There are 2 protein chains.
Amino acid sequence: MTSVEMNLILEEIGKKARRASASLAVLPPEAKQLCLESMADALENRKAEIMRANSVDIINAGNNGMDEAKIDRLKLDEVRIKAMADGLRQVAAQHDPVGRIISENIRPNGLKITKIAVPFGVVGIIYEARPNVTADAAGICIKAGNAVILRGGKEAFESNSVIAAILNESAGASGLPDGVVQLIPWTDREAVKLMLKMDKYIDLVIPRGGESLIRTVVAEATMPVLKHYKGVCHLFVDSSCDVKKALDIIVNAKCSRPAVCNALETLLIDRSIAPEFVPLLAEKLSARKVELRGDDEFCALVPQAKKATEDDYYAEYLSLILAVKTVGAVEEAVEHINTYGSRHSDGILSLIPEDIEYFTRNVDSSTVYVNASTRFTDGGEFGMGAEIGISTDKLHARGPMGTDELTTYKYIVLGDGQIR
Amino acid sequence: MTSVEMNLILEEIGKKARRASASLAVLPPEAKQLCLESMADALENRKAEIMRANSVDIINAGNNGMDEAKIDRLKLDEVRIKAMADGLRQVAAQHDPVGRIISENIRPNGLKITKIAVPFGVVGIIYEARPNVTADAAGICIKAGNAVILRGGKEAFESNSVIAAILNESAGASGLPDGVVQLIPWTDREAVKLMLKMDKYIDLVIPRGGESLIRTVVAEATMPVLKHYKGVCHLFVDSSCDVKKALDIIVNAKCSRPAVCNALETLLIDRSIAPEFVPLLAEKLSARKVELRGDDEFCALVPQAKKATEDDYYAEYLSLILAVKTVGAVEEAVEHINTYGSRHSDGILSLIPEDIEYFTRNVDSSTVYVNASTRFTDGGEFGMGAEIGISTDKLHARGPMGTDELTTYKYIVLGDGQIR
């Protein structure tokens, strides 16, 4: 297919989404809730279809030599389809973010200015392998009143196509026009590039996946992008802290799920507490098979530690490796975090109020912790219900993004003949 | 100068701004207020210097054949310098947007999550001719705790350089490090291009000027951009409305300041009221020398009207021309606005509650008016105090942007040893 032909089909997808979004935006909360619940039911009722499509993806993946762990993530069985459906039901039950009055203001001339939350319109989601994202992302977008255009990975293409079609048909049965949920019918780069120029139809793009995918999206997109680059999360062990709690927090932040973005990657330790703290730490972490890479002072205290390089302090390991650096005081810790970090989640373990105040004020990250694990940066843990991702941007949304973050606002100005 | 050399100097500017922003971000409200007031005093105390630099710009402009109206806008005299200083004093007196608690939430596990407004860090402003923007933009950015990197137009280069230097020195006298206000020392396109790649140092860029400047910035910038493309503003005259008020509002919206972005560009008229309304309208607007361009139905009622083309309905005239279209009902008016408009400011003139409801819900614009002039879309009129511009984006800020819109937020999570 030529890119001109592709573009024509993409234009059709865009127009359908735009039309559907206009209907979705004004759908009452109860109707949206029912629509999401009927989507959940449809996924369960049509599980055989989904599993059939999924088995094609699995066979292709095997033929293409995909490793077992990845194939497992691709797989949809009854339990996982029920989990997708339950996810939609949970989103359905949440508060409706559309129509919230953000502020009201009556001006001296009598104009009443109301700032009210409204959907973006059409949201594009670009994601990689796991097919459950299709239902999760669609559910959150719809809850916030947005039509959604999905572009999933090629590994899950058959599964994604069926899931998107079921969701879209189910929305149709709830009285919505065609185009509430659509999947781009190609998985090559050319189609993504064309999609990213459709700012006439897509109001916002959210890429989910590895850093290189995200950098490509940012470079190509003509519409706004909400994104998550990486999580190089830090904890700082202050000169005075609750040592037992600090050790538990560090072990939790590093070891509970090392492959996720809110896992600990670099530990900073105040020089004055190091001789007491480091041996205890090394023992705990060695027992958990964590490889330690430290500066000279740290290595002098921990014979088995490797020497850290500059690159280690920029690294998002996503595995059982921890970079460690000894620092002189809280100011140096903050300086290190703001230089090497990714503005994701960083914390201080301290009993000194002045240091806590300095740290929380000066660390430029979406989430700053005091005496808690960085692993809590998550929409569910923050009480947002569902999560569409975590933003490392500063514009619009920072940190975990739920349905509220998938809305924008408009001003309604009520007058009675006012002129200026 | 080679672009490598330029880049080195720009890096220095970026580093200075980043350092200055860290100090600014934690400056107490009173200190920020004093800093802005001393900047205002410094502008007045050093007016001779400013006028000397400005006279060089004026001479250059004359030599380059700039027209009188533009030269007038470039000119700084005592009155205009006082106005700049007073602008800074007004910003100083406003509420401080930094540190506002946006939400607080204690989780079942005891974590206390506070969402708090914080500065972006470093804001870049790219603007065209008028030198007073240098002080206005700097003032608003600083009030919101941001360091600012300015890139003004070449016509005002000498004036901008002196104003920026005075503001920066004055901040220094208030105890802030060098780099709170900096001007890029070149005005060619190459320097802008390099500046727009400095996402390491600049958190947000706001371009102010014509559509082509803004499109260039959006295409080149690697950091987020808040922008205003254009204002193709509409009013819809419904089948039932207060005719006298409607006429006054239309005249005001079109004629009070036709060259601004919130001026009326296209009028939509319900077919059923046209025979009664159009002759009155044509008389009023002809008296104000407004050229009318309408569809066939409108032209049949107004002999002097020209025939409107498709392009007229996309046009931002910024002059005494008005496009007019006859429509069947509110739905058609909304459809027209969402297709041809720029999502800026659009209004309905109506006495029918159902139509008002339909219009305000379905028009996808930053500001939707009911029975009032579109000319009110303005930070001052909205009660925001100063304004850095009007956003036609949907991400982060929509409509008039004041100091609140120049902040982002972070989450502070207070724990007592919580692990996940």
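The present account deals with the structure reproduced in this document. Please read these numbers as outputs of a predicted model, since none were measured by experiment. (Residues numbered from 1 in each chain as written. Chains lettered and ligands numbered in written order. Predicted model: local features only at pLDDT ≥ 70, side-chain atom pairs only at ≥ 80, totals over all residues. Heavy atoms only, no water.)

Here the focus is the packing of helix α2 (residues 29–45) of chain B against helix α6 (residues 132–143) of chain B. Residue and element names in this part refer to chain B. Where α2 meets α6, the closest approach of the two axes is 10 Å, and the angle between their N-to-C directions is 165°. Between α2 and α6, the crossing angle belongs to the class labelled roughly antiparallel. At the point where α2 passes α6, the crossing takes the right-handed sense. Contacts between α2 and α6 pair K32, L36, M39 and L43 from the former with A135, G139, I142 and K143 from the latter. (Axes fitted to C-alpha atoms, helices over the stretch in contact; angles between N-to-C directions. Helix = DSSP H or I, 4+ residues; strand = E, 2+ residues; numbered from the N terminus. Parallel < 35°, antiparallel > 145°, perpendicular 65-115°, else oblique. Left-handed = near helix turned anticlockwise from the far one by under 90°. Contact = heavy atoms within 4.5 Å.)

Residue and element names in this part refer to chain B. Over its 14 residues, helix α11 (residues 274–287) runs 19 Å from end to end, which matches the ideal 20 Å to within 8%, given 1.5 Å per residue. A274, F277, V278, L281, A282 and L285 are the residues of α11 that are buried. Buried residues of α11 fall within an arc of 130° about the axis and therefore sit on the same side. Seen from the open side of α11, the exposed residues pointing more than 90 degrees away from its buried face are E283 and A287. Of the surrounding secondary structure, the elements contacted by the buried residues of α11 are β7 (233–237), α10 (243–255), β8 (264–270), β9 (291–294), α12 (296–301) and β11 (321–327). (Expected span 1.5 Å × (residues − 1). Buried < 20%, exposed > 50% of the residue type's maximum accessible area, 1.4 Å probe, protein only. Arc of directions from axis to C-beta.)

Another aspect to go through is the interface of chain A and chain B. Size of an interface, as often reported, equals the accessible area lost when the parts are brought together. On the side of chain B, 64 residues touch chain A, which itself brings 65 residues to the contact. For chain A, the biggest contributors to the area lost against chain B are L395, Y411 and R420 of chain A; these three give 16% of the whole. At the boundary of chain A and chain B, one finds twelve salt bridges. For the salt bridge of K115 of chain A with E405 of chain B, the shortest nitrogen-to-oxygen distance reads 4.0 Å. The interface formed by chain A and chain B includes 47 residue pairs in polar contact (both at pLDDT 80 or more). For the side of chain A that touches chain B, the secondary-structure elements that each account for two or more residues are α1 (3–25), β2 (112–119), α10 (243–255), α15 (353–362), β13 (367–372) and β16 (407–418) of chain A. Per element, the largest residue contribution to the side of chain A that touches chain B is eleven residues, and it comes from β16 of chain A. (Buried area = accessible area lost by both parts, 1.4 Å probe. Salt bridge = Lys/Arg side-chain N within 4 Å of Asp/Glu carboxyl O. Polar contact = N/O pair within 3.5 Å; in protein donor to acceptor, adjacent residues only side chain to side chain.)

Inspection of the entire model under this criterion finds ten aromatic pairs over all chains. Where Y313 of chain B meets Y340 of chain B, the ring centres are 6.0 Å apart and the plane angle is 65°; that geometry is what we call edge-to-face. Taken as a pair, Y313 of chain B in helix α13 (residues 310–314) and Y340 of chain B in helix α14 (residues 330–340) lie far apart in primary sequence, 27 residues in all. Residue Y340 of chain B is classed as buried on the basis of its relative accessible area of 16%. The rings of Y313, Y314 and Y340 of chain A are connected pair by pair, giving a single aromatic cluster. Just above the ring of Y409 of chain A sits the side chain of K115 of chain A; from NZ or CZ to the centre is 4.3 Å. (Phe/Tyr/Trp six-rings, centres within 6.5 Å; stacked < 30°, edge-to-face > 60°. Lys NZ or Arg CZ within 6 Å of the ring centre and 35° of its normal.)

All names here are of chain A. Spatial strand order, β5-β4-β3-β6: four strands in an open sheet with parallel pairing. Single-partner strands in this sheet number two, and they are β5 (181–183) and β6 (204–208). On average, adjacent strands in this sheet sit at an angle of 20° to one another, irrespective of strand direction. With five bridges joining them, strand β3 (residues 122–127) and β6 adopt parallel strand pairing. From the neighbouring strand, I126 faces β6, where its bridge partner is P207. Packing of α1 onto the sheet brings it into contact with β3, β4 (147–151) and β5, and relative to β4 it is tilted by some 145°. Across the sheet, helix α6 (residues 132–143) is in contact with β3, β4, β5 and β6; its angle to β3 comes to roughly 160°. (Pairing = 2+ DSSP bridges.)

Side-chain pairing between opposite charges can occur once the charged atoms of the two side chains come close. Scanning the entire structure with this criterion turns up 74 salt bridges over all chains. Where R398 of chain A meets D364 of chain A, a salt bridge forms, and the shortest distance between an N and an O atom there is 3.0 Å. Of this pair, R398 of chain A sits in the loop between β14 (389–391) and β15 (399–401) while D364 of chain A sits in the loop between α15 and β13; the two residues are 34 residues apart in sequence, bridging distant segments of the chain. A relative accessible area of 1% means that R398 of chain A is categorised as buried. Sharing partners across several salt bridges, the network here consists of R18 and D203 of chain A together with R343, D364, K394 and R398 of chain B.

Glancing now at the relation of the copies chain A and chain B. Aligned on chain B, chain A shows an RMSD of 0.0 Å; the corresponding rotation is 180° and the shift along the axis is 0.0 Å. When the rotation and shift are considered jointly, the pair of chain copies conforms to a two-fold rotation axis. Using C-alpha coordinates, one finds that chain A approaches the rotation axis most closely at H396 of chain A, a distance of 1.9 Å. The share of interface residues of chain A whose copies in chain B are also at the interface is 98%, consistent with both copies meeting through the same surface. (Least-squares fit on C-alpha atoms with pLDDT ≥ 70 in both.)

Together, M1, V4, L8 and I9 of chain A make up a nonpolar patch on the protein surface, roughly 420 Å² of accessible area in all. By secondary structure assignment, the location of M1 of chain A is in the segment before α1. (Patch = residues over 30% accessible without salt bridge, like charges linked within 9 Å, V, L, I, M, F, W, Y side chains within 5 Å. Areas by Shrake-Rupley, 256 points an atom, 1.4 Å probe, with all protein chains shown as cover.)

What follows is about the pairing of β4 of chain A. Residues and elements named next belong to chain A. With five of five residues buried, β4 lies mostly within the body of the structure. A two-sided burial pattern is seen for β4, the buried positions comprising A147, I149 and R151 on one face and V148 and L150 on the other. Pairing analysis gives five bridges linking β3 to β4, with the strands arranged parallel. Each bridged residue has a counterpart across the sheet, and for I126 the counterpart in β4 is R151. For the crossover that starts at β3, traverses α6 and ends in the parallel β4, the hand is right-handed. As paired strands, β4 and β5 are joined by three bridges and run parallel to one another. What sits directly across from V148, in β5, is V181. After leaving β4, the chain enters helix α7 (residues 157–173) and then returns to the sheet as β5, a path that is right-handed. (Right-handed = clockwise from strand over helix to strand, strands pointing away.)

We now examine the pairing of strand β9 (residues 291–294) of chain A. All names here are of chain A. Examined bridge by bridge, β9 and strand β11 (residues 321–327) share four bridges and lie parallel to one another. Paired with E291 across the two strands is I321, which belongs to β11. As paired strands, β9 and strand β10 (residues 306–307) are joined by two bridges and run parallel to one another. Each bridged residue has a counterpart across the sheet, and for R293 the counterpart in β10 is K306. Regarding the hand of the β-α-β motif, the stretch spanning β9, helix α12 (residues 296–301) and β10 is right-handed.

All we've got here are geometric facts, nothing functional implied.
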